[in-house]
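# Architecture at a glance
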Amino acid sequence: MWMKLVGSGWRHSHGGAQSCDGCWQLVFGFGARGDSPQMPSHPHLVRDPQGQGLGWEAYAVGTVARHVKLINIVKSHFIHLIVLSSHSTDFEVHRNWLAITHSLPISQWYYEATSEWTLDYPPFFAWFEYALSHVAKYFDQEMLNVHNLNYSSSRTLLFQRFSVIFTDALFVYAVYECCKCIEGKKAGKELTEKPKFILSVLLLWNFGLLIVDHGSIRWNSFSFVRLISLGLIVFLVSALSLGPFLALNQLPQLFSRLFPFKRGLCHAYWAPNFWALYSALDKVLSVIGLELKLLDPNKVPKASMTSGLVQQFQHTVLPSVTPLATLICTLIAILPSIFCLWFKPQGPRGFLRCLILCALSSFMFGWHVHEKAILLAVLPMSLLSVGKAGDASIFLILTTTGHYSLFPLLFTAPELPIKILLMLLFTIYSISSLKTLFRKEKPLFNWMETFYLLGLGPLEVFCEFVFPFTSWKLKYPFIPLLLTSVYCAVGITYAWFRLYVSVLSDPPVGKTKKQ
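What this report covers is the structure whose coordinates are included nearby. Note that the structure is a prediction, hence the values are computed from the model and not measured. (Residues numbered from 1 in each chain as written. Predicted model: local features only at pLDDT ≥ 70, side-chain atom pairs only at ≥ 80, totals over all residues. Heavy atoms only, no water.)

The next thing to look at is the side chain of S433. Relative to the helices and strands, S433 resides in helix 15 (residues 415-437). In this structure the side chain of S433 is engaged in a polar contact, spanning 2.7 Å, whose partner is the backbone oxygen of Y429. (Helix = DSSP H or I, 4+ residues; strand = E, 2+ residues; numbered from the N terminus. Polar contact = N/O pair within 3.5 Å; in protein donor to acceptor, adjacent residues only side chain to side chain.)

This is the structure in structure tokens:
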């Protein structure tokens, strides 16, 4: 991805929207040709339309261009590797959903069960698959046959890869809108120190989005009128989504797919949340109980969480968790942030914090949570990270542990150096850029947080390079996943707790302005 630098698009004295546009010209290459009068051959001498030199700014922009170009090159090489690499289970999942929505009437979408990968996403996503299927038929018609289980062809693979890349345009636009909402009070002289630039990189080159499904976010101010507007929007969206299935009298069947209570408390690979810690404690207590002969081996449940299967199970020592219990825990975790938002409004930032806490609380205590759901909190937290040092610290802990928890999704040998390199690049940039942005304030990490984050290195070495050569691999194959899940659960729980303390202790917007 070659990048073109437009001198007329960036002038430090203008600020505001032009500064933001200058960032986007750097990141995406929008603007004049490299051989135009506005783009002289020497990278440090950029001229504006009036022929006036920009001095040190031109040098900074030229330097930034080289840095961002490097990021673009790395990402483009990664995408090239991904397009040519082997695919995961999700490939067959989405191929089957394309086939279901394309070849069957809507009345059969949530009943079809030829494949084990039944359609269990909300109706709007099903319609999205339906729209994609009408493009997919021009690549390979055979992928749209419901009975072609595990069908794979080069054209099918190519379609799925590039459909993701194409739909990223929506996310790019969302990031652009988000960057326009960020205030530049802490903006430094260097372009790399500007909050808008840092935020655009944190969102666009997010490590988690590079290896899982992509999404977009947007936020606005909160008021009573907006509350009513949001309520109407939610109602209309729900009506459009569920209306056809309500008319077909299929809501019970739809809900049985959307809420898979029979799949068990945790996913095959435990999401790093409270239930991972709970289940790990139960596993440790059961092992100790068996060793001390305090438990009868014949009475220990055969369905184990560490079997790697998606199934229902019973805890051995601790009380088993029901779907109702997870619902109650989730509501209890969410309600304080809702009450705080209502009775102690903190403006747009407070509204965004509430959204993040709701997402994190659902991740922490929900039933059968997938590890990828951590991105629902990581991405909006990026917006807060460029505003306050405390939020930046929470973001770095959350995003580092959350991203590392996604490592098991890429488990083949060729993917190992790719995921390690990309996460290192993103993590190093995130920490260094935010440290620079808040260099006049206290350090972003205390000694305990630093020690914890550095511990991810030895954990990765043990799981990938030491454990496979030990005798435990055959007897305890679940240990790497268990250690990864539990270790990351500690960090995510800590970030969730710190964010809650910050929300509950911060004063309302009115009092802050008076002070």
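In this structure, M143 sits in the loop between helix 4 (123-136) and helix 5 (154-180). Residue M143 is classed as buried on the basis of its relative accessible area of 0%. Setting aside its immediate chain neighbours within four residues, M143 contacts R95, L98, A99, A136, Y151, T156 and F159. (Buried < 20%, exposed > 50% of the residue type's maximum accessible area, 1.4 Å probe, protein only. Contact = heavy atoms within 4.5 Å.)

Take unusual backbone geometry next. Of note, the phi angle at K293 is positive, near 60 degrees, even though the residue is not glycine. The residue K293 is located in the loop between helix 10 (274-291) and helix 11 (323-343) in this model. Classification of K293 by relative accessible area gives exposed; the value is 73%. A positive phi is found at H368, a non-glycine position, where the angle reads about 55 degrees. Along the chain, H368 turns up in the loop between helix 12 (347-365) and helix 13 (375-385). Residue H368 is classed as buried on the basis of its relative accessible area of 12%.

The next point concerns the pattern of salt bridges. Applying the stated criterion across every chain yields a total of seven salt bridges. Note that R95 and E92 form a salt bridge whose closest N and O atoms lie 2.9 Å from each other. Here the residue R95 and the residue E92 both occupy positions in helix 3 (residues 89-103), the gap between them amounting to three residues, near one helical turn. Grouping residues by exposure puts R95 and E92 together as buried. Residue D391 is joined to R353 by a salt bridge in which the shortest nitrogen-to-oxygen separation is 3.0 Å. Of this pair, D391 sits in helix 14 (residues 389-404) while R353 sits in helix 12; the two residues are 38 residues apart in sequence, bridging distant segments of the chain. Assessed through its relative accessible area of 1%, D391 is described here as buried. A cluster of three or more residues bridged by salt bridges with shared partners is formed by R349, R353, D391 and D506. (Salt bridge = Lys/Arg side-chain N within 4 Å of Asp/Glu carboxyl O.)

Moving on to the packing of helix 5 against helix 6 (residues 195-204). Interhelical geometry of helix 5 versus helix 6 gives an angle of 155 degrees and a closest axis separation of 10 Å. Between helix 5 and helix 6, the crossing angle belongs to the class labelled roughly antiparallel. Taken as a pair, helix 5 and helix 6 cross one another with a handedness that is right-handed. Here helix 5 contributes F171, V172, V175, C178, C179 and K180 to the contact with helix 6, which in turn contributes K196, L199, S200, L203 and L204. (Axes fitted to C-alpha atoms, helices over the stretch in contact; angles between N-to-C directions. Parallel < 35°, antiparallel > 145°, perpendicular 65-115°, else oblique. Left-handed = near helix turned anticlockwise from the far one by under 90°.)

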